[in-house]
Amino acid sequence: MRRFEDKVVLVTGAASGIGRATVERLAQEGAKLLCVDIQAEAVEATAKRAIELGAEAEARVCDVSDPKQCTATVKACIDRFGKLDALCNIAGIIRLSHTHELSLEDWNRVLSVNLTGTFLMSQAALPHLLASGGSIVNTASTAALAGVPWGAAYGASKGGVLALTRSMAVEYGKQGLRVNAVSPGSILTPMGSRSILPDDIDTTLLARLMALDKPRGPEVVAGVVALLASEDGAHINGEQIRIDGGTLA
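Anyway, here's the lowdown on the structure attached to this text.

Despite not being glycine, Trp-150 has its phi angle at roughly 70 degrees, a positive value. Here Trp-150 shows up in the loop between strand E5 (135-139) and helix H5 (152-172). Phi is positive for Asp-200, which is not a glycine, with a value near 55 degrees. Topologically, Asp-200 is positioned in the loop between helix H6 (190-194) and helix H7 (219-229).

Encoded structure:
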């Protein structure tokens, strides 16, 4: 299946997890890729892997919470590939804390990457995506759909991503742009494995985070991202797809 032949895709959060899995999936489907992350060595490794899979790819370091870096990153994509057909906003961070102990610094940082970063990258890419009749795929979370303990900042940021997704979908839909989101849960990623639970938690609340069968790898999310970014998703706009193994069923 070569749904992305001659298509240019920019993927943020490409150094690991869902971002890297998305790059690999799109590379296998023929995309030209700009792989973006704040982790220089890891995102270079992702781009190298995409090239090994037969894609034309380049890595770029970018902090998505910085508007100047976002603008420069999109410009670099256009300079290299000449156009942009899809933007996959996958970059994200998480901080777990009792809400009454959550620092304003951590709150602001989570929102600046997850929500503001999604906005900034989309804003920079919109003129080019409107020109190509392209699409945006954002990354929300099951934390946007149901209460996740100790995840106030993360849940708020991802709820904002869903609202932003729907707003842009309605605003630009008649101009040929589609904007959708995925809402993963119970996905095995480096970000999840590095998450540190706060002290003195009620462990019975952890059941809210578990899939009905088992947690799965990021490739299951990458497949849905590819669907939404491709022409197979041509009649899907303003939607979010939950990928959580039935956690919230």
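This part is about the nonpolar core. Ranked by size, the top nonpolar core spans 33 residues in total, and within it Leu-10, Leu-84 and Ile-136 carry the most contacts. Listing elements by their share of this core, those giving two or more residues are strand E1 (8-12), strand E2 (32-37), helix H3 (67-81), helix H4 (104-132) and H5. Ranked by residues supplied to this core, first place goes to H4 with nine residues. Contact partners of Leu-10, with chain neighbours within four places excluded, come to Leu-34, Val-36, Thr-73, Val-74, Cys-77, Leu-84, Ala-86, Leu-87, Cys-88 and Met-121. In this structure, Ala-15, Val-23, Cys-35 and Ile-243 belong to the second largest nonpolar core, which totals 31 residues.

This part is about H3. When the terminal C-alpha atoms of H3 are compared, their 21 Å separation across 15 residues agrees well with the 21 Å that a helix rising 1.5 Å per residue should span. Those residues of H3 hidden inside the fold are in contact with E1, E2, strand E3 (56-61) and H4. The distance from a side-chain oxygen at the start of H3 to the backbone nitrogen of Lys-68 is 2.9 Å, and the residue carrying that oxygen is Asp-66. Where H3 terminates, the next one or two residues include Gly-82, which has phi positive at roughly 90 degrees.

Each value, and the rule that gives it
- Residues numbered from 1 in each chain as written.
- Predicted model: local features only at pLDDT ≥ 70, side-chain atom pairs only at ≥ 80, totals over all residues.
- Heavy atoms only, no water.
- Helix = DSSP H or I, 4+ residues; strand = E, 2+ residues; numbered from the N terminus.
- Core = buried A, V, L, I, M, F, W, Y, C linked by side-chain atoms within 4.5 Å.
- Buried < 20%, exposed > 50% of the residue type's maximum accessible area, 1.4 Å probe, protein only.
- Contact = heavy atoms within 4.5 Å.
- Expected span 1.5 Å × (residues − 1).
- Polar contact = N/O pair within 3.5 Å; in protein donor to acceptor, adjacent residues only side chain to side chain.

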